Amino acid sequence: MAGINYGRVLLGGLVAGIVANVCDTIIGMFIMADDMQRMVQRLGLDQRVFTSTSTMVTWVIVDFIYATLIVWTYAAVRPRLGPGPMTAMLVGAVLCGAVTVVLFGFQQMGVFTID
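Residues numbered from 1 in each chain as written. Predicted model: local features only at pLDDT ≥ 70, side-chain atom pairs only at ≥ 80, totals over all residues. Heavy atoms only, no water.

**Re the overall build of the protein**
When helices and strands are tallied, the protein shows five helices and zero strands. Along its sequence from the N terminus, the protein presents helices and strands in the succession α-α-α-α-α. For the protein, the C-alpha radius of gyration of 17 Å lies well beyond 13 Å, the compact-globule estimate for 115 residues. In terms of principal-axis extent, the alpha carbons of the protein reach across some 50 × 30 × 20 Å. Every one of the 115 residues in the protein was classed for burial, and the buried ones make up 14%. (Helix = DSSP H or I, 4+ residues; strand = E, 2+ residues; numbered from the N terminus. Rg over C-alpha atoms; globule rule 2.2 N^0.38 Å. Buried < 20%, exposed > 50% of the residue type's maximum accessible area, 1.4 Å probe, protein only.)

**Remarks on the layout of surface pockets**
If you add up the space inside the largest pocket, you get close to 1800 Å³. Every residue lining the largest pocket is counted, 38 residues in all, and those nearest its centre are Gly 28, Met 36, Met 39, Phe 50 and Trp 59. At the level of elements, helix 1 (6-31), helix 2 (33-43), helix 3 (47-50), helix 4 (53-81) and helix 5 (85-109) are the ones that each hand at least two residues to the lining of the largest pocket. At eight residues, helix 4 tops the list of elements feeding residues into the lining of the largest pocket. Along the lines of polarity and charge, the residues of the lining of the largest pocket split into 22 nonpolar, nine polar and seven charged. What the second largest pocket holds in volume is close to 320 Å³. As for the second largest pocket, its lining consists of 13 residues, and the residues nearest its centre are Asn 5, Arg 8, Tyr 74, Ala 75 and Arg 78. Only helix 1 and helix 4 provide two or more residues apiece to the lining of the second largest pocket. The biggest single contributor to the lining of the second largest pocket is helix 4, with five residues. When grouped by side-chain class, the residues that make up the lining of the second largest pocket number nine nonpolar, two polar and two charged. (1 Å grid on protein atoms, 1.4 Å probe; cavity = no way out; pocket = protein on both sides within 12 Å on 5 of 7 lines; lining within 4 Å. Points joined across faces, edges and corners; volume = space filled by probe spheres on them. Nonpolar A, V, L, I, M, F, W, Y, C, P; charged D, E, K, R; others polar.)

**Here we look at the environment of Thr 68**
When you line up the elements, Thr 68 lands in helix 4. Remark: the alpha-carbon pair of Thr 68 and Gly 17, spanning 51 residues in sequence, is separated by 7.2 Å. Setting aside chain neighbours within four positions, we find Thr 68 in contact with Val 9, Leu 10 and Gly 13. (Contact = heavy atoms within 4.5 Å.)

**Observations regarding the packing of aromatic side chains**
Counted under the stated rule, the structure contains one aromatic pair. Between the aromatic rings of Phe 106 and Phe 112, the centroid separation amounts to 6.1 Å while the plane-to-plane angle is 90°, which identifies the pairing as edge-to-face. On the basis of relative accessible area, Phe 112 is assigned to the partly exposed category, the value being 30%. (Phe/Tyr/Trp six-rings, centres within 6.5 Å; stacked < 30°, edge-to-face > 60°.)

Structural measurements only, silent on function.
In structure tokens, the structure reads:
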């Protein structure tokens, strides 16, 4: 079994991070903007902190880390399951499922609502 090419993982993470940040920007500014505003009001959060530069920088970094973890996981699983879109979709589904379970926990605590 060949080792992981970490240079390619970092490059892939960079590209995936850019895609994730573009998607998050579109989703946050246009698609989910009203829902986010309602959540800020419902939870009594400070709107200035929620939209501050430091918060945005934090999310940019989070997207790059998460994207790199996705690429690294694909690189780790690829020798076992083979290259291709099915392996990539499986890795994406597993990591998305892990995040969904955590978000479900927040939903049960009342941080997020279904409506």
